[in-house]
Number of protein chains: 2
Amino acid sequence: MGLVDRERIKLITLQKKIGPALARVDEEFRRITDGDSPLTIDICDHIRQGKSKRFRPTLLLLAAQNDDNAEFADGAITAAASVELVHTATLVHDDFIDEAVTRRGLPSVNVKYGSSAALIMGDYLYSKALHNLCVAGLNRAVELLSRTTVLMSEAEMLQLEHRYDMGISEERYHQIIYQKTASLIENSCRIGASFNERLSAHEEAFGVFGTKTGLVFQITDDIFDYLGDERRLGKPTGQDWEEGRITLPLIAAWRNADPATRKRIGDLADQRDTKVRAEYWSEVKQFVTDFGGVDYAFAQARQYGEEAKSALGPVASGPQKDLLAVAVEYVINRLN
Amino acid sequence: MGLVDRERIKLITLQKKIGPALARVDEEFRRITDGDSPLTIDICDHIRQGKSKRFRPTLLLLAAQNDDNAEFADGAITAAASVELVHTATLVHDDFIDEAVTRRGLPSVNVKYGSSAALIMGDYLYSKALHNLCVAGLNRAVELLSRTTVLMSEAEMLQLEHRYDMGISEERYHQIIYQKTASLIENSCRIGASFNERLSAHEEAFGVFGTKTGLVFQITDDIFDYLGDERRLGKPTGQDWEEGRITLPLIAAWRNADPATRKRIGDLADQRDTKVRAEYWSEVKQFVTDFGGVDYAFAQARQYGEEAKSALGPVASGPQKDLLAVAVEYVINRLN
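Since the structure is predicted, the reported quantities are computational estimates derived from the model, not experimental observations. (Residues numbered from 1 in each chain as written. Chains lettered and ligands numbered in written order. Predicted model: local features only at pLDDT ≥ 70, side-chain atom pairs only at ≥ 80, totals over all residues. Heavy atoms only, no water.)

1. A word on unusual backbone geometry
All names here are of chain A.
In step 1: The residue Tyr 164 is not glycine, and still its phi comes out positive at about 65°.
In step 2: Topologically, Tyr 164 is positioned in the loop between helix 8 (139–161) and helix 9 (170–194).
In step 3: By relative accessible area, which is 13% here, Tyr 164 ends up buried. (Helix = DSSP H or I, 4+ residues; strand = E, 2+ residues; numbered from the N terminus. Buried < 20%, exposed > 50% of the residue type's maximum accessible area, 1.4 Å probe, protein only.)

2. What to know about the environment of A:Gln271
Residues and elements named next belong to chain A.
In step 1: Mapping Gln 271 onto the fold places it in the loop between helix 14 (259–270) and helix 15 (274–279).
In step 2: For Gln 271, a relative accessible area of 33% translates into the label partly exposed.
In step 3: Separated by 128 residues in sequence, Gln 271 and Glu 143 place their C-alpha atoms 41 Å apart.
In step 4: In contact with Gln 271, not counting residues within four places along its chain, are Tyr 164, Val 276 and Arg 277. (Contact = heavy atoms within 4.5 Å.)

3. A look at the side chain of A:Ser183
Residue and element names in this part refer to chain A.
In step 1: For Ser 183, the position within the fold is in helix 9.
In step 2: On the basis of relative accessibility, which here comes to 0%, the residue Ser 183 falls in the buried class.
In step 3: With sequence-adjacent residues up to four places away left out, Ser 183 is seen in contact with Thr 148, Leu 151 and Tyr 178.

4. Examining the interface of chain A and chain B
In step 1: Contacts between the two partners involve 38 residues from chain A, matched on the other side by 38 residues from chain B.
In step 2: Of the roughly 3500 Å² buried where chain A meets chain B, counting both sides, 72% is carbon and sulfur surface.
In step 3: Among the residues chain A hides against chain B, the three largest losses belong to A:Leu119, A:Ile120 and A:Met157. Together they make up 17% of the total.
In step 4: Joining chain A to chain B, the criterion identifies 0 salt bridges.
In step 5: Linking chain A with chain B are 8 residue pairs in polar contact (both at pLDDT 80 or more), by the criterion used here.
In step 6: Only helix 3 (38–49), helix 5 (74–97), helix 7 (115–135) and helix 8 of chain A provide two or more residues apiece to the side of chain A that touches chain B.
In step 7: Among the elements that line the side of chain A that touches chain B, the one with the most residues is helix 7 of chain A, at 15 residues. (Buried area = accessible area lost by both parts, 1.4 Å probe. Salt bridge = Lys/Arg side-chain N within 4 Å of Asp/Glu carboxyl O. Polar contact = N/O pair within 3.5 Å; in protein donor to acceptor, adjacent residues only side chain to side chain.)

5. Regarding the pattern of salt bridges
In step 1: Inspection of the entire model under this criterion finds 42 salt bridges over all chains.
In step 2: Measuring nitrogen to oxygen at the nearest pair gives 2.8 Å for the salt bridge that ties A:Arg103 to A:Asp95.
In step 3: Where B:Glu283 meets B:Arg264, a salt bridge forms, and the shortest distance between an N and an O atom there is 2.7 Å. Of this pair, B:Glu283 sits in helix 16 (residues 281–290) while B:Arg264 sits in helix 14 (residues 259–270), and the two are 19 residues apart along the sequence.
In step 4: Among the residues examined, B:Arg264 registers a relative accessible area of 38% and is labelled partly exposed.
In step 5: Each of A:Arg140, A:Glu186, A:Arg190, A:Glu203 and A:Glu204 takes part in salt bridges that share partners, so that together they form one network.

6. Topic: the packing of aromatic side chains
In step 1: Evaluation of the coordinates by the stated rule reveals 10 aromatic pairs over all chains.
In step 2: With centroids separated by 5.3 Å and ring planes inclined at 90°, the aromatic side chains of A:Phe96 and B:Phe96 adopt a geometry described as edge-to-face. With A:Phe96 in helix 5 and B:Phe96 in helix 5 (residues 74–98), the pair connects residues from two separate chains. Here the two residues A:Phe96 and B:Phe96 agree in accessibility, since each one is buried.
In step 3: Geometrically, the ring pair formed by B:Tyr226 and B:Trp281 is tilted, given 5.4 Å between the ring centres and 45° between the ring planes. (Phe/Tyr/Trp six-rings, centres within 6.5 Å; stacked < 30°, edge-to-face > 60°.)

7. Let's talk about the confidence of the model for chain A
In step 1: For chain A, mean pLDDT is 91; residues scoring 70 or higher make up 94% of the total.
In step 2: This complex was scored by the predictor with a pTM of 0.93 and an ipTM of 0.93. (pLDDT = per-residue confidence, 0-100.)

8. Some words on helix 5 of chain A
The α-helix advances 3.6 residues per turn, and as a result positions three or four apart in sequence lie on the same side.
In step 1: The end-to-end C-alpha distance of helix 5 of chain A is 35 Å, a good match for the 34 Å that 24 residues give at a rise of 1.5 Å each.
In step 2: Count one or two residues on from helix 5 of chain A and you reach A:Glu99, which has phi positive near 55°. (Expected span 1.5 Å × (residues − 1).)

9. Quick look at the relation of the copies chain A and chain B
In step 1: It takes a turn of 180° to lay chain A on chain B, together with a shift of 0.0 Å along the axis; the resulting RMSD is 0.0 Å. The two molecules are tied by a two-fold rotation axis, judged by turn and shift.
In step 2: Most of the interface of chain A is mirrored in chain B, where 100% of its interface residues again form contacts. (Least-squares fit on C-alpha atoms with pLDDT ≥ 70 in both.)

10. Focus: the environment of A:Leu268
Residues and elements named next belong to chain A.
In step 1: Residue position: Leu 268 is located in helix 14.
In step 2: Its relative accessible area of 3% is what places Leu 268 among the buried residues.
In step 3: Distance in space between the C-alpha atoms of Leu 268 and Thr 40 is 42 Å, their sequence separation being 228 residues.
In step 4: Those residues in contact with Leu 268 that sit more than four places away from it in its chain are Trp 241, Arg 277, Tyr 280, Glu 283 and Val 284.

11. Quick notes on the side chain of A:Thr33
Residues and elements named next belong to chain A.
In step 1: Tracing the chain through its elements places Thr 33 in the loop between helix 2 (19–32) and helix 3.
In step 2: Overall, the relative accessible area of 2% leaves Thr 33 in the buried class.
In step 3: For Thr 33, the side chain forms a polar contact with the side chain of Arg 48, separated by 2.7 Å.
In step 4: Each residue touching Thr 33, except ones within four places of it in the same chain, is listed here: Cys 44, Arg 48, Leu 85 and Leu 125.

12. Some points on the packing of helix 8 (residues 139–161) of chain B against helix 9 (residues 170–194) of chain B
All names here are of chain B.
In step 1: In the contact formed by helix 8 and helix 9, the axes pass within 9 Å of each other and the chain directions differ by 165°. The orientation of helix 8 with respect to helix 9, classified from their angle, is roughly antiparallel. Relative to helix 9, helix 8 is oriented so that their crossing is left-handed. Here Ala 141, Leu 144, Leu 145, Thr 148, Leu 151, Met 152, Glu 154, Ala 155, Leu 158 and Gln 159 of helix 8 come into contact with helix 9, specifically with Arg 172, Gln 175, Ile 176, Tyr 178, Gln 179, Lys 180, Ser 183, Leu 184, Asn 187, Arg 190 and Ile 191. (Axes fitted to C-alpha atoms, helices over the stretch in contact; angles between N-to-C directions. Parallel < 35°, antiparallel > 145°, perpendicular 65-115°, else oblique. Left-handed = near helix turned anticlockwise from the far one by under 90°.)

Following this line, the structure appears as structure tokens:
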């Protein structure tokens, strides 16, 4: 059984607890993305065929869950679908920027329908998410999600600026991963808590939980790109290196390296051609492992995971607390 | 004095009446687009260097104007800047789709900074506009603008589907221009009226006024592309034909044409290569004029202009009514 299977099973066990609500989220997602024109309908169908882990809606629902057996409010279902929609919109635009060929085992929108359609589709999904929340009167969710999309687009711009930049600081790396990944997870948790009368006063604590969980999520993703076994992961590794994204494992190894090794890796990092970079992939991968980059990132992810669980200490209790802790464990354990 | 100069003077005369408010809109636009990263700041500076006619903020302010001498509410200024921001975001994305080389006399964002930066920049400007409105508590404006951006992205998708399609119906053409152009002008007027206690009950009438004015705006733009004198207009003509956008003048001429001429034009329209299409531009232009396409579109624009002015009959009065009528005249007279 591969890594992906094992991690999926853990998440699926967790999601079984909120199965009927997730089914309503899927239905709501389908309703919002019904599309008007034949091409929009076709692309929406294509996107829905790719299986999402629905990690953000899951966290939103767990944060919104007041009582183990209570029905979720319609607003929470709409908000959960909207968060997934915003996430999907960013994937469509990111795949264009990264020239990604596949997404969730299917051709990416940019490859199957072209770059113009990918650009328009991202705009469409994002607008649909926000408009639908407005119509439902969920103004707090609109504010939090629009704030997140500002942060996400700024992070994309920063990532563009720091492409191939071996001088990027760990601080800047954290800013980017907070803005591009953690802030949407943070706000999924905040929005969830806002539906929970018992917990809405603790929105801030849920925000910290979501932020830390989001940082773990992105750091583990970045580690996978160095450490992962392509066969077990089900996706290629080395993409970040090839496309010039300098992530935590490389930043840490670079800091630890001796001058001669640094010089060598710096020369490789100056190469801008993806194919040339791909030729040096195994050397760079070895470098990152040898100079402790993977270990450093791993330790940091664990630390954030602990902080995420601690953040919930004073607020969540009983089954809700346990399930949220399992969600963090799921993210961490993707590494084992 | 060229056509552009003459029309600008008319608009400028109108805008002088609300000069201090427009200066506040410019300042608010600058505040919202301050940017965080060096690249974002650089692109925002570049965009602001291009001179916008600020037609949408002008209409919003005219609709919001209660008393000739009253100060505008801060919310109206913020909303006017946000409408301009959404418009700017769509221009940045449109230029990417159309592979436009220039915008407002400067290199387009896609040409100067690349397609990834153009995609991110559009997302950034759009998110900033909506988030800023949320923070200001302008929920009605958020709802109307998010609805418009859904319609605009659907229109872009329809336009992509009907590229090179000589069979496009006049009805579908109207759907596209309503969604891509008129709906933002409609909602600028609606949002403006919502700030005007005396008129907010008439939001619907302002909506009709904005819709009709927006249709005139796009139809006159489409006529320019056939009729315009490049030297006087300050921009090249024939772009719609070259890029396969089938607009009202061509749709009408095609309907009026005899079978032999139709066959000839149909063969030309099947060409997909921009350079090949450019070679046939003067023939197509002549066809559209000869078969009454320009006259038909012109008559329709005038008709919508009358309907726009009529829509305001029962609601606006005094100087406000006069100024809004001048705004419609400005759009119509771009043709004379």
